[in-house]
Amino acid sequence: MRKETASTCPYCGVGCGVIIESEAGEICGVRGDPAHPANRGRLCSKGQTLHLTATPLIRRTQRLLQPAWRPSRAEPPQALDWPTMNQRLAERLAALHAQHGPQAFGLYISGQLLSEDYHAFNKFARGVLGTNNIDSNSRLCMSSAVAGYKQSLGADAPPTCYEDLDLADCILITGANPAWAHPILFRRLEAARQRRPEQKLIVVDPRRTETAELADLHLQILPGTDVILCHGLLHACIWEGWLDARFIAEHTQGFAELKNLVRELPPPEAARLCGIKEADLLQAARWFAQSPASLSLYCQGLNQSSSGTAKNSALINLHLACGQIARPGAGPFSLTGQPNAMGGREVGGMATLLPGHRDPGSAQDRAEVAALWGQAELPEAPAKTAVEMFEAAARGEIKVLWIACTNPAQSMPDQALVRRALARCELVILQEAFADTATAAFADVLLPAASWGEKEGTVTNSERCISRVRAAIAPPGEARADWRIVRDVGLALLPLLKSGPGPALLAAATPEALWLEHRAATAGRDLDISGLSYALLDSLGPQQWPFPAGASQGQARLYQDRRFATADGRARFIAQPYQPPHDRLDARYPLALTSGRLREQWHGMSRSGLVPRLFGHTAQPALHMHAQDLHSRGLRTGELARISSRHGELILPVLADASLRPAQAYLPMHWGEEFVSGQEAEAAPFSGVNALSNRAFCPSSQQPELKFAAVQVQAAQLPWRLCAAVWCPPEQGQSLRAALRGLMREFSFAQCLPVAAAGDVPELGWRFDAAAALAPRAEVLQHLKTLLALNSAQVLRYADGQKGRSRLLALSQPGETARLRALLLMGEPAQAGEQEAWAYLLDLWRLRSGLAGLGARLLSPRPQNEAGAGPASDRSPQVCNCLGVSEAAICQALTRLPGSSTARLQALQGTLGCGGQCGSCLPALRRLETQHPYREEMKA
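Residues numbered from 1 in each chain as written. Predicted model: local features only at pLDDT ≥ 70, side-chain atom pairs only at ≥ 80, totals over all residues. Heavy atoms only, no water.

**Thoughts on the overall build of the protein chain**
We apply this condition: A run of H or I in DSSP counts as a helix once it spans at least four residues, and a run of E counts as a strand once it spans at least two, with each numbered from the N terminus. Residues are treated as being in contact if the distance between any of their heavy atoms lies within 4.5 Å. Areas reported as accessible are Shrake-Rupley estimates using a 1.4 Å probe. Residue values count occlusion only from the protein chains shown. Charged residues are defined here as Lys and Arg on the positive side and Asp and Glu on the negative side; His and the ends of the chain fall outside this count. One atom stands in for each charge, and that atom is NZ of Lys, CZ of Arg, CG of Asp or CD of Glu.
What the protein chain contains, in helices and strands, is 31 helices and 35 strands. Principal-axis analysis of the C-alpha atoms places the extent of the protein chain at approximately 85 × 70 × 60 Å. For the protein chain, the share of sequence-separated contacts (at least 6 apart) that also reach a separation of at least 24 residues comes to 72%. Accessible surface computed for the protein chain: about 33100 Å², of which carbon and sulfur atoms make up 52%. Here the protein chain contributes 94 positively and 88 negatively charged side chains, and the mean placements of these two sets differ by 2 Å.

Written out as C-alpha cells, the structure reads:
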C-alpha cells in the first residue's frame, strides 16, 4: 500500500515542503507539499527528481551500507559490525586523545545535517573531546552573512521573510542568482512582478545571468567591487538628501564615521571603479532610497570573499541609512545556501558559535551552556575554523579529522592543501551516505549515514522557519542517523577518557530528546523557541522563530519596534573601507575567475549527480569566457584549455559566453574529480575546480574567497583524443562508472559523465572523453575496450595506422532495429574533418537513432554524408528538464507563434508544455522569446 510522508527538501535553503510517496519500504515518488509556506506545492527541477536519488538500485549500489575500516590507506576498507566499530574507534580516539590532547581533534560537519545531528556533534566535540575545533561547511557559504548581521544588527537573525518579496516596491539582488540557486523563491518574485508591474528590480552581478535578464536595471560590476558600489550608492543618497535622518538619529550609531568614509567615493568615481555607468548607479540609488519599501536579497557573491563581512555590512548600511528595514517589504535578506545552515547556526555547530546564538569567547556564555549540559565547564581554547582546521592538519597539528555529510576533497578551496591535510592526518573518519565522494578515498574509517527520506528531525530555512523532516523508509543496510552514530561512539569513548563527563551528557536517545535540549538553550534568547514542540510543528506546520512560551505563532519580521539586538538597542553603521580581492590580477594571471551554481545541480553532486536527466541542461564542465578572450588565445568553443592560478591548474573545454565581460571567466562550482580529472607526468592528479581557488579568508567571518581567483588560460596542446560512449543496464552502471573513473589519471584530461536515455528506455548511458599529447599505453586502451565489450567479432572496426585513427562501433542487435550500443573513437580528430564524423556518430548513439542499414558505412571517413544517413541532429541544450524539451525545439516553435510576448509564451506552454511544470526554465524561455520573433513565412 502506498504511503505519503510530509518532509522537507534537502537541497537549498528555501526549505520547500515535500510529500514523499513510498511503497513496500522504498521511495517511489515525490511532489511539493501544498500546505508548506515556503513553496505551496511547487518544486524546482532538482526537487522534482528527489525520488530518483533514492531508488532501490541507488540505495543498493551507490550508498555506504556497512561500517568499514581501512587497514592502510593503500588497501580497500574492511567491513565491521557496529558494536565492533564503535569500540575499536573509541579505543583509537582515546589513545590519540591521551597522546596529543583535545586540540589535535577537528570535526568538520555540514549544513545538510539536521539540527538534532548538529546538537549531537556539538556535545561530542566540546563536551566529550573537550575541543572547540568543530566547524561546518556553512563556513564556506554563510559565515560572512552571520558576521554582517551580528556586527550591524546585534544578532544572526534575518529580519525579513518570504512575504516581503510580495510587498517590496524595490528589490535589490546582489551576489545571487536565485533563478538558478533558489528557483522556487524566484518563481515567487516573478509572480509578484506580474501582479505589481511597477515593482522595480535591480540586479548586481558581474555576469548577465537569467536573474539579471528579469531586472529593470542590471549593474554589471567588475568582480570584487561590491563595497565600492554600496559606498557610491550611499554617497549619492547623502548628496541627494535621500536619507531617513530621523531613523538614523533615533535607532542607529556610527553614521558620522561612515559618512566620512564614503565621501571618498562620489558616484562618478564609484561608477568608474565598478565599471558601470554613473547614471545607472544614480538610478539604483534613487529607486532603493525613495521606494516606499526596499528589500535586498544576497548570497555567495557577497559572502565568499576575503571582504565578505565588509560587503554584507556595506549593504546593511544602505538599509539603515535609508530606513529600509524593520517593516513589511523592507530589509536585508540573506539567502541561505544549504537546507539547514540556519539551524546549524542556532544550535552552535560552528567554531565561532555556541548554542542559542552564544559566543564561545564569552566566559558567561560558556558557563550557561555548561550548566545546560550538566558540565562543570566547556573548553576555553580558541577554535579553528574550516580553513584553519585543514591548515593545522597539513602542518601536523591536528591528527584526527572527523568529517560528516560533506566532501572537502571537492568543495574546500586550495585543494592541494586539503589533500596534504587529509594525507597527513593519523586518522580520517568519514561519516557519509554516498560511497564514492572524493573524500572517501582519504578516509581510514567509513561510517554509513542515513539520508533524505530516512531521517527524523528539523531544519530551519532562510526566513527562520523551522520545518519537520520525517522518515518515509528505513535506511539501507546498516546505515544509521547521524546523531546516533556520533552518540554511540561517544558513549563508547567516555569510559576510556582519563577525565571527562559522565554518560548523562549523551543521555538523549531520540531526535526529539536532542531537539528539546536545543530548545532549552534558546529560552530567553533572540531565537527563543521555548513555545514550540514537535507536537506543535506536527499540528500547526512549519513555524518561524522566535516562538517563545505562550505564543500562538512565530514572528514573521524582526525589529519592528526599532530596537535591535545590541546592548543599547541601536543598530550599528560599520565603516569598513574597500579592500581588493586577495588574488591580484597581473600580466601572468590576467583573468578574473568567478564561480556559481548550475540550474540543475547542487554542491558537489554526490546526490544530484546520480540523476542522469539533471545533466540535460548542462551536460559537461566548461570554462565560460568572452569570445574576445578566446580569440586572442587562439581558442574556439569546445577546445581544451589549460587554466592556471597561483594555487593549481585544470584542463577543461572552453565556451564562448556573451554574459561575461572581457577579461573575466566563469566556472560552475560543482565539478570535482568525481567527474573531471587527469594527470600529467609526475604531477599530482587534477582535483576539480577548487584546485584553482585560494584559501584567503575574511578576517571577520573566516569565510574563504571562493568567488574570485586570478587565472591564465592557454590552449592545451593535447592533439590525441578519445571518446567512448556506452549504454548499459542500470544495475551495471555503478561498477562501470567506477572502472571508467579508474582510467581518468591515465590521460592529461578526462571526464566521465552520465547521459540520460530518451523516453522510458531502461538503460543508463556513460560518456568518457580523454585527451593527451600522445596515445596512452596499449593496455589502457585494451582495458577500455573490455569495459565497453568491444572485443567481440560483431563490432564494426576501422583503423588508419598511418593517421593514428580508429573507430569501434558495437550495435545493439543486427537488422533494421539496430542501434549503437557502444562506440570508441580514437586519434587526432582535428585532422581531415574527423571532428564532424565523431559528432555525428555520437548523436546517433545519444539519440538511439535507427541505423537503417547503414552498417559498415558508419566507418567511412564522413558517415554523415553517406547515402541513407539521416541529418545531423541538433545538439542544443535541454531547456525544460521536466519534459525534456531542447532549445532547438523551442526556437523552432517560437518562429511559428504570433502575438505579444505573454501570448507567445502561453502558446509555447500549450504546444510543448515547457514552463508549465516546475518553472525553472521560465527565465530561459523569456530570453528565447525575445531572440526568436514570429516569422510570417513560417506560418504555413
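**Digging into the UniProt feature "domain: 4Fe-4S Mo/W bis-MGD-type" (unreviewed entry) in the protein chain**
The line we're drawing: UniProt positions are given in the numbering used here, feature names are shortened, and annotations may be inferred rather than shown by experiment.
Feature annotation in UniProt places "domain: 4Fe-4S Mo/W bis-MGD-type" (unreviewed entry) on residues 2–58, given in this structure's numbering. Span residues 2–58 is 12% helix and 35% strand, its end C-alpha atoms 20 Å apart.

**Remarks on empty space enclosed by the protein**
The criterion, for reference: Both cavities and pockets are sets of points on a 1 Å grid over the protein atoms alone; in a cavity a 1.4 Å probe fits but cannot get out, in a pocket the set is open with protein on both sides within 12 Å along at least five of seven lines, and lining residues sit with an atom within 4 Å of a point. Grid points are joined across faces, edges and corners, and a volume is the space filled by probe spheres set on the points.
A full pass over the atoms with the stated rule returns 7 cavities of 30 Å³ or more. Residue lining of the second largest cavity: C9, Y11, C12, V14, C16, L43, C44, K46, G47, P183 and I184, and that is the complete set. Of all the elements in the fold, those that place two or more residues in the lining of the second largest cavity are α1 (45–48) and α8 (183–195).

**Digging into the nonpolar core**
Going by this rule: In this description, a nonpolar core means a group of buried Ala, Val, Leu, Ile, Met, Phe, Trp, Tyr and Cys residues linked to one another through side-chain atoms lying within 4.5 Å. Think of it in three bands: residues with accessible area under 20% of the maximum for their type are buried, residues over 50% are exposed, and the middle band is partly exposed, with areas taken using a 1.4 Å probe on protein chains only.
By size, the foremost hydrophobic cluster in this structure holds 72 residues, and its most contacted members are L623, W671 and V713. Not counting residues up to four positions away in its chain, the partners in contact with W671 are Q410, L598, M605, F615, Q620, P621, V676, G688, V689 and L753. Of all hydrophobic cores here, the second largest spans 62 residues; its members include A271, A289, I466 and L532.

**Notes on the sheet that holds strand β17 (residues 457–460)**
Applied cut-off: At least two bridges found by DSSP between two strands are what make those strands a pair.
The strand order across the open sheet formed by 3 strands is β17-β18-β19, and the pairing between neighbours is antiparallel. Two strands close off the open sheet at either side, each with one partner strand: β17 and β19 (543–544). Direction of pairing for β17 relative to strand β18 (residues 465–469): antiparallel, over a ladder of 4 bridges. For G457, the partnering residue across the bridge sits in β18 and is V469.

**Some details on the packing of aromatic side chains**
Applicable threshold: Each pair of aromatic rings taken from Phe, Tyr and Trp, with Trp reduced to its six-membered ring, is defined by centres within 6.5 Å and is described as stacked if the planes are under 30 degrees apart, edge-to-face if over 60, and tilted in the remaining cases. Should the NZ of a Lys or the CZ of an Arg lie within 6 Å of a ring centre and within 35 degrees of the ring normal, that charge is described as sitting over the ring.
What the rule picks out here adds up to 15 aromatic pairs. Each ring, one from Y11 and one from W602, has its centre 5.6 Å from the other, and the planes form 65°; the classification is edge-to-face. On the criterion of sequence distance, the pair formed by Y11 in the loop between β1 (3–8) and β2 (17–23) and W602 in the loop between β21 (591–596) and β22 (623–625) is long-range, its members being 591 residues apart. Y11 gets classed as buried once you look at its relative accessible area, which sits at 1%. Its relative accessible area of 5% is what places W602 among the buried residues. Aromatic pair W720 and F747: ring centres 6.5 Å apart, planes at 5°, arrangement stacked. Remark: F747 occurs in the loop between α26 (730–741) and β29 (749–755) and W720 occurs in strand β28 (residues 720–728); sequence separation between them is 27 residues. Its relative accessible area of 7% is what places W720 among the buried residues. The class of F747 is buried, set by a relative accessible area of 1%. An aromatic cluster is defined as three or more aromatic residues linked by ring pairs; in this entry it consists of F121, F124 and W402. Above the plane of the ring of F434 lies R63, whose end atom (NZ or CZ) is 5.7 Å from the centre.

**So, the side chain of T385**
For clarity, the cut-off: We call two N or O atoms a polar contact when they sit within 3.5 Å, provided that within protein one can donate a hydrogen and the other can accept it, with sequence-adjacent residues counted only if both atoms are side-chain atoms.
Its location among the elements puts T385 in the loop between α18 (363–373) and α19 (386–395). A polar contact is formed between the side chain of T385 and the side chain of E388, at a distance of 2.7 Å. T385 has contacts with D135, R139, A351, T352 and Q702, leaving out every residue within four places of it along the chain.

**Observations regarding the domain arrangement of the protein chain**
Worth spelling out the cut-off: Source of the domain bounds: an automatic or database domain assignment. Defined here as a combined quantity, buried area equals the accessible surface (1.4 Å probe) lost by two parts on assembly, summed across both.
According to the domain assignment, the protein chain consists of domain 1 (68–137 + 340–544), domain 2 (142–334), domain 3 (585–715), domain 4 (717–863) and domain 5 (878–931). The C-alpha centroid of domain 2 is placed 35 Å from the C-alpha centroid of domain 1. The interface is formed by 13 residues belonging to domain 1 together with 14 residues belonging to domain 2. Broken down residue by residue, the surface that domain 1 buries against domain 2 is led by R345, S462 and E463, which jointly contribute 46%.

**A few points about the pattern of salt bridges**
Selection rule: The term salt bridge refers to a pairing of a side-chain nitrogen on Lys or Arg with a carboxyl oxygen on Asp or Glu at a separation within 4 Å.
The tally for this structure, following the rule as stated, stands at 56 salt bridges. Of the charged contacts in the structure, one is a salt bridge between K311 and D226, with a shortest N-O distance of 3.1 Å. Linking K311 in helix α16 (residues 308–322) with D226 in helix α10 (residues 226–240), this pair joins segments that are 85 residues apart in sequence. We note that K311, like D226, is buried. Here E456 ties to R468 by a salt bridge, and the two come within 3.3 Å at their closest N and O atoms. With E456 in the loop between β16 (445–448) and β17 and R468 in strand β18, the pair connects residues that are 12 residues apart, well separated along the chain. Residue class for R468 comes out buried when judged on its relative accessible area of 10%.

**Looking at helix α22 (residues 482–493)**
The criterion, for reference: Multiply 1.5 Å by the residue count of a helix minus one, and that product is the helix's expected span.
The end-to-end C-alpha distance of α22, which contains 12 residues, comes to 17 Å, matching closely the 16 Å that a straight helix rising 1.5 Å per residue would cover. Within the span of α22, buried status applies to D482, W483, I485, V486, R487, D488, V489, G490, A492 and L493. Against α3 (82–100), α4 (115–129), β14 (400–404), β15 (427–432), β16 and α23 (511–522) lie the buried residues of α22.

**Examining the environment of S552**
Secondary-structure assignment places S552 in the loop between β19 and β20 (571–572). A sequence separation of 12 residues divides S552 from L540, and the C-alpha atoms of the two residues are 9.6 Å apart. Setting aside residues no more than four positions away along its own chain, S552 makes contact with L540 and F547.

**Re helix α21 (residues 415–424)**
Among the residues of α21, Q415, L417, V418, R419, A421 and L422 are the ones counted as buried. Looking at the buried residues of α21, the elements they touch are α19, β14, α20 (408–411) and β15.

**As for the environment of L89**
Residue position: L89 is located in helix α3. In the structure, L89 is positioned 632 residues away from R721 in sequence and 46 Å away in space, judged by C-alpha atoms. Residues contacting L89, with those up to four places away along its chain left out, are W69, W402, L427, I429, V445, L447 and V489.

**As for the packing of helix α29 (residues 887–894) against helix α30 (residues 901–912)**
Here is the rule we go by: Fitted lines through C-alpha atoms give the axes, limited to the stretch in contact for helices. The angle between two N-to-C directions lies from 0 to 180 degrees. Geometric relationships in this document are graded by angle, where less than 35 degrees denotes roughly parallel, more than 145 denotes roughly antiparallel, 65 to 115 denotes roughly perpendicular, and other angles denote oblique. Crossing handedness follows the turn of the near helix against the far one: under a right angle anticlockwise gives a left-handed crossing, and clockwise gives a right-handed one.
Across the interface, α29 lies against α30 with an axial gap of 10 Å and an inter-helix angle of 125°. In terms of axis orientation, α29 runs oblique to α30. The handedness of the crossing between α29 and α30 is right-handed. On α30, the residues touching A889, I890, A893 and L894 of α29 are R904, L908 and L912.

**As for the sheet that holds β2**
Sheet strands pair via backbone hydrogen bonds, and the direction of the pair is either parallel or antiparallel. On the basis of which strands lie adjacent, the open sheet formed by 3 strands has the order β1-β2-β3 and antiparallel pairing. If you trace the sheet from one side to the other, it starts and ends with β1 and β3 (26–32), each paired once. Adjacent strand axes in the sheet meet at a mean angle of 30°, parallel and antiparallel pairs treated alike.

**Brief notes about unusual backbone geometry**
With the exception of glycine, the majority of residues adopt a negative phi angle, and the majority of peptide bonds are in the trans configuration. Backbone torsion omega between W545 and P546 reads 5°, so that peptide bond is classified as cis. Even without a glycine there, the phi angle at R40 is positive, about 45°. Residue R40 is classed as exposed on the basis of its relative accessible area, which comes to 56%.

**What to know about the pairing of strand β33 (residues 820–827)**
Judged by how many residues are buried, β33 sits mostly within the fold: 7 of 8 residues are covered. Where β28 meets β33, 6 bridges bridge the pair, whose relative direction is antiparallel. Looking at β33, one finds that L722 is bridged to M826.

**A closer look at the side chain of Q544**
Looking at the secondary structure, you find Q544 in strand β19. One polar contact links the side chain of Q544 to the main-chain carbonyl oxygen of E463, over a distance of 2.9 Å. When near neighbours in sequence (up to four residues on either side) are disregarded, Q544 contacts C161, E463, R464, C465, G554, Q555 and A556.

**Details of the pairing of strand β13 (residues 331–334)**
Within a regular strand, the side chains alternate between the two sheet faces. Burial of the side chains of β13 extends over both faces: G331 and F333 are buried on one face and P332 and S334 on the other. When strand β12 (residues 294–298) meets β13, the two strands line up parallel, connected through 4 bridges. Looking at the pairing, L295 lines up with G331 of β13.

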